[in-house]
Amino acid sequence: VFHMGKLTLANLSEQQIAEVQQCWPLHEGDAYDAVMVPQFLNRYKNQLHSLDGWSASYKAYEHEDTHVVDLVVTFQQAGPLR
């Protein structure tokens with residue numbers, strides 16, 4: 001079982017980061033679920049109004065030695081949030 005490590009939200013303003021963090025369901029140490037990221041983006045796209053017109057991609061960095069996953073979600077101004 002891997003656990004959530006550091007979450008990095010790239011290319012967002014402080015206000016947008018705060019909005020995403022308010023809805024983000026995983027905290028450091030929680031069991032990591034690889035399908036959670038696309039589900040999160042789809043589920044909360046109507047609540048994250050500051051991200052209207054933005055898209056996102058993500059990369060999970062698994063640390064085999066510690067069973068921690070650091071997650072980088074990179075946002076871009078283009079396309080739908082999904």
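Here's what I pulled together on the structure shown here.

Rules and cut-offs
- Residues numbered from 1 in each chain as written.
- Predicted model: local features only at pLDDT ≥ 70, side-chain atom pairs only at ≥ 80, totals over all residues.
- Heavy atoms only, no water.
- Helix = DSSP H or I, 4+ residues; strand = E, 2+ residues; numbered from the N terminus.
- Rg over C-alpha atoms; globule rule 2.2 N^0.38 Å.
- Buried < 20%, exposed > 50% of the residue type's maximum accessible area, 1.4 Å probe, protein only.
- Contact = heavy atoms within 4.5 Å.
- Areas by Shrake-Rupley, 256 points an atom, 1.4 Å probe, with all protein chains shown as cover.
- Lys, Arg positive; Asp, Glu negative; His and termini not counted.
- Charge placed at Lys NZ, Arg CZ, Asp CG, Glu CD.

1. Side note on the overall build of the protein
Step number 1: Counting its regular elements, the protein contains two helices and three strands.
Step number 2: Taken from N to C terminus, the helices and strands of the protein fall in the order β-α-α-β-β.
Step number 3: Since a compact globule built from 82 residues should have a radius of gyration of about 12 Å, the 13 Å found for the protein is in line with a globular shape.
Step number 4: In terms of principal-axis extent, the alpha carbons of the protein reach across some 40 × 20 × 20 Å.
Step number 5: Sorting the 82 residues of the protein into buried and exposed places 33% on the buried side.
Step number 6: Intrachain contacts of the protein at a sequence separation of at least 6 include 60% that bridge at least 24 residues.
Step number 7: In the form shown here, the protein has an accessible surface area of approximately 5,100 Å², with 48% of it arising from carbon and sulfur atoms.
Step number 8: Taken as two groups, the 5 positive and 10 negative side-chain charges of the protein have centres that lie 10 Å from each other.

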